Amino acid sequence: MRRKTVIDEFFGKQPPLRFIEELKKPYFQNKYSNFCRTTARVDETCVKGIYLVNGFNDDKGLLRTVTEDFENFTRCFGIGGDAYPVYIEYGKTECFEAYEINVEKDKTTIIAADTEGVRRAVICLEDRIIAAEGPFLETGRTKKKPWLKSRVTRGFFSPTNRPPKNIDELADDIDYYPENYLLRLMHDGTNGLWIYTKFSELLPSPVITEYGKGSAMRIAKLNKIINKCALYGIKVYVFSIEPAAIDEKMYEKYSSLAGMKLANQYCLCPYGSGSERYLYESGRILAESLPGLGGVICITTGERLTDCASLPVNTCPNCKDKPRGQILARSVELLRSGIRAVNPEIEFVSWTYGQREWKEKDIIDYVKYAPSDLFLMQIFDVLC
């Protein structure tokens, strides 16, 4: 029996979302009313006439958006010109995104080892000038590094692919990521966006040949989003629920991948004779198709049926004698190995909120057997 879909009775009774237009506006539009201080303090220097001198190698043009943002900032606040230079230089730092700012009386120097360190430093300068309530910077040297590596959110404009609308954002030609909205995320320190999809729709498979219908269009749009977001220092993460269970209509053809049955679906068994190739190829094709992908956030055990670790009682002939945590770890390792073979820099996050119903020993087994280059996540509050 199929579960009845329950829709919130207020779904179609929402008030007008007027603030959406506000999110689309430029980040800086007018000088703030409190930006009126005219005299520097003893420990400050006046930066009236501030401008950037970019000596950083940016062959991919990733810094264009933040330098344009700085120019817009100085124009809106009336402090731009050619009197006070900010030199952007390459230098070794402690880690990715780290930077150093050295404010002197007649110049400021930004030192970073990567474009994202530069991006964060430029925005830091803007924030410090705004906080000073006038065209001033406190002199001295500042070093900063991120305490949280991956700061991932979901796009506000992205549709939800569930009833009653069921909108797949990768299956249309609508741009759900306006430039000025991405600019706001950039200022907020966001460096990741997750986009929902299904491997069965996104990836053609040499094993399950029915998968991947219309995938070329989805992959092309996703690559376009990846390239656009990169200009704002934002990586794209594919969000999915994998390895997805197999529909009973496909069982006869793909029984070598199947494990236990629940309702009208079969768990995918990672110890099935065809599963190793399917999972590995899924990871490999994903990484090859999306060369700029930042990561994969995968609900490997949640509410939906995935592999044979989904159910508390295992009767699968292939893996019933295996520890539950080991079964899940094998699924993840096979997927991860395909990604790793192409691009090990793609992060893989195993989201396992379904383990709240697991026995402690099974959770410990999963942590024990899971790949070492994996991010293990229980809740979506902190991703690091």
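Residues numbered from 1 in each chain as written. Predicted model: local features only at pLDDT ≥ 70, side-chain atom pairs only at ≥ 80, totals over all residues. Heavy atoms only, no water.

Draft legend 1. Fine view of the sheet that holds strand 13 (residues 265-268). Overall, antiparallel pairing links the 3 strands, which are arranged 11-13-12 in an open sheet. Looking at which strands have only one partner, the edges of the open sheet turn out to be strand 11 (246-247) and strand 12 (258-262). (Pairing = 2+ DSSP bridges. Helix = DSSP H or I, 4+ residues; strand = E, 2+ residues; numbered from the N terminus.)

Draft legend 2. Spatial organisation of the packing of aromatic side chains. On inspection of all chains with the given rule, the structure shows 17 aromatic pairs. Considering the side-chain rings of Phe28 and Phe73, the 5.1 Å spacing of their centres and the 45° angle between planes classify their relative orientation as tilted. In this pair, Phe28 sits in the loop between helix 1 (19-23) and strand 1 (44-46) while Phe73 sits in helix 2 (residues 64-76), placing the two residues 45 residues apart along the sequence. Grouping residues by exposure puts Phe28 and Phe73 together as buried. For the ring pair Tyr251 and Tyr266, a centre distance of 4.1 Å and an interplane angle of 15° mean the geometry is stacked. On the criterion of sequence distance, the pair formed by Tyr251 in the loop between strand 11 and strand 12 and Tyr266 in strand 13 is long-range, its members being 15 residues apart. With a relative accessible area of 33%, Tyr251 lands in the partly exposed category. Among the aromatic residues, those joined into a ring-pair cluster are Tyr27, Phe28, Tyr32, Phe35, Phe70, Phe73 and Phe77. (Phe/Tyr/Trp six-rings, centres within 6.5 Å; stacked < 30°, edge-to-face > 60°. Buried < 20%, exposed > 50% of the residue type's maximum accessible area, 1.4 Å probe, protein only.)

Draft legend 3. A nonpolar patch on the surface, seen in detail. Taken together, the side chains of Leu17, Phe19 and Phe156 make up a nonpolar region of the molecular surface, amounting to roughly 280 Å² of accessible area. You can see Phe19 is positioned in helix 1. For Phe19, a relative accessible area of 43% corresponds to the partly exposed category. (Patch = residues over 30% accessible without salt bridge, like charges linked within 9 Å, V, L, I, M, F, W, Y side chains within 5 Å. Areas by Shrake-Rupley, 256 points an atom, 1.4 Å probe, with all protein chains shown as cover. Salt bridge = Lys/Arg side-chain N within 4 Å of Asp/Glu carboxyl O.)

Draft legend 4. Region of the structure containing the nonpolar core. Judged by nonpolar contacts, the single largest core of 98 residues is most densely connected at Leu222, Leu286, Leu290 and Leu293. Residue contributions to this core peak at 8 residues, all from helix 3 (residues 115-132). Not counting residues up to four positions away in its chain, the partners in contact with Leu222 are Leu170, Ile195, Leu202, Val236, Val238 and Leu290. Core analysis: the next-biggest nonpolar cluster, separate from the first, contains 12 residues, Tyr237, Ile297, Trp351 and Met377 among them. (Core = buried A, V, L, I, M, F, W, Y, C linked by side-chain atoms within 4.5 Å. Contact = heavy atoms within 4.5 Å.)

Shape descriptors only; they carry no functional weight alone.
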